[in-house]
Amino acid sequence: WTDILDEEWGLEKIAESSYAEVYKVSNSDGTSILKLMALRPPTGPGSQRETSVDVTSVVSEVLIMDMMTEIPGFLEFKGAHVIEGKPPRAIRGAYDAHAARYESFFPQPSSYQRGQLFLALELGDAGTDMEHFSVTTISQIWDIFFGIVIALAHGEELASFEVSFI
C-alpha cells in the first residue's frame, strides 16, 4: 500500500461502481484517481463476495485503458498495481466519510482479510464526472455528444473495436 498511497496525501472517496471504489488522491504533484477493486480468490474467504472481481475479467480493461490513454476524450492511464493486505487508515477514513453521506454497497475496508489482493488502477483526474456536471444549454449537450463520438471514432481507428449504440 505504501508504494501507491502516502498517508500524508489527501484522499476522498468519490464514487462506487459495480466492482470498484473510486478515490481522488491529492498531493503536491496534483490529483489522480484511484480505482480500487478487490480481486476474488478462487476459494476461501472472499471467494463469494459480490463486490470482488475475477482477475481475468479486468485484464482486458487494463489493456484497453493503456491503449487508449493517448487519445483525447479517454482517461489518462497512469498504471496498475496489485496490492496485498488490508487497506490502510487513509482508505478506511475516506470510506467512512463517504458512508456517512451515502449508502455503500462495499464492505468496510477493515473487514478484508490480511491476504486480500486488490487491483488499483491509477488514472488521471479528468475533472467533474457527467453525473455531477450541470448541463444548462443545448450547445453543451451537442459539445458532449460530438466529443464522445469523436473520441470513440479515434479509439475505434486505433484499436479496431466496434462501438454500437442501442
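What counts and what doesn't
- Residues numbered from 1 in each chain as written.
- Predicted model: local features only at pLDDT ≥ 70, side-chain atom pairs only at ≥ 80, totals over all residues.
- Heavy atoms only, no water.
- Helix = DSSP H or I, 4+ residues; strand = E, 2+ residues; numbered from the N terminus.
- Buried < 20%, exposed > 50% of the residue type's maximum accessible area, 1.4 Å probe, protein only.
- Contact = heavy atoms within 4.5 Å.
- Areas by Shrake-Rupley, 256 points an atom, 1.4 Å probe, with all protein chains shown as cover.
- Expected span 1.5 Å × (residues − 1).
- Core = buried A, V, L, I, M, F, W, Y, C linked by side-chain atoms within 4.5 Å.
- 1 Å grid on protein atoms, 1.4 Å probe; cavity = no way out; pocket = protein on both sides within 12 Å on 5 of 7 lines; lining within 4 Å.
- Points joined across faces, edges and corners; volume = space filled by probe spheres on them.
- Nonpolar A, V, L, I, M, F, W, Y, C, P; charged D, E, K, R; others polar.
- Pairing = 2+ DSSP bridges.
- Axes fitted to C-alpha atoms, helices over the stretch in contact; angles between N-to-C directions.

Novice: Summarise the overall build of the protein chain; cite the residues concerned and give the values.
Specialist: Across its full length, the protein chain carries three helices and five strands. By residue count, 31% of the 166 residues in the protein chain fall in the buried class. By sequence separation, contacts in the protein chain at least 24 residues apart represent 63% of the contacts at least 6 residues apart. In the form shown here, the protein chain has an accessible surface area of approximately 10,600 Å², with 55% of it arising from carbon and sulfur atoms.

Novice: An account of helix α3 (residues 138-159) is needed here, citing residue identities and associated values.
Specialist: The terminal C-alpha atoms of α3, which comprises 22 residues, lie 31 Å apart, in line with the 32 Å expected from a rise of 1.5 Å per residue. Directly beyond the C-terminal end of α3, a positive phi value near 55° is found at S160.

Novice: Could you give an account of the nonpolar core, with specific residues and numbers?
Specialist: As a rule of thumb, soluble globular proteins bury nonpolar side chains together. In this structure, L11 and Y23 are the most contacted members of the largest nonpolar core, which totals 18 residues. Put simply, the parts of the chain that give this core at least two residues each are β2 (21-27), β3 (30-38), α2 (89-101) and β5 (117-124). The greatest single-element share of this core, amounting to four residues, is contributed by α2. Apart from residues lying up to four places away in sequence, Y23 is in contact with L11, E12, K13, I14, S32, I33, L34, L36, I91, A94 and Y95. Formed by 13 residues, the second largest nonpolar core is a distinct cluster that contains V22, L39, F77 and L123.

Novice: Please provide a residue-by-residue account of the layout of surface pockets, values included.
Specialist: Counted as a void, the largest pocket has a volume near 1,400 Å³. Lining the largest pocket are 36 residues; nearest its centre among them are L75, G127, T128, D129 and M130. Where the lining of the largest pocket is concerned, the elements lending two or more residues are β1 (10-16), β2, β3, α1 (55-68), α2, β5 and α3. Among the elements that take part in the lining of the largest pocket, α3 stands out by supplying six residues, more than any other. Space inside the second largest pocket adds up to approximately 170 Å³. W9, V25, N27, S32 and E122 are, among the 13 residues lining the second largest pocket, the residues nearest its centre. Counting only elements with at least two residues in the lining of the second largest pocket, the list comes to β2, β3 and β4 (77-84). Looking at the lining of the second largest pocket element by element, the count peaks at four residues for β3. When grouped by side-chain class, the residues that make up the lining of the second largest pocket number four nonpolar, five polar and four charged.

Novice: Run through the sheet that holds β4, naming residues and quoting values.
Specialist: Spatial ordering of the open sheet is given by β1-β2-β3-β5-β4, a layout of five strands whose pairing is antiparallel. The sheet is open, and its two borders are formed by β1 and β4, each paired with just one other strand. Ignoring which end each strand starts from, the neighbouring axes of this sheet average 25° apart. Looking at chain direction, β1 and β2 are connected through six bridges and run antiparallel. Among the inter-strand pairings, A15 is bridged to a residue of β2, identified as V22. Against the sheet, α1 makes contact with β3, β4 and β5, and its axis sits at roughly 20° relative to β5, the strand it touches most.

Novice: Would you mind going over the pairing of β3 in detail, with residue names and values included?
Specialist: Extensive coverage of β3 is indicated by the burial of seven of its nine residues. In this structure, the hairpin formed by β2 and β3 is closed by a connection of two residues. Inspection of the sheet shows β3 paired to β5 by seven bridges, in the antiparallel sense. Bridge pairing in β5 links L34 to E122.

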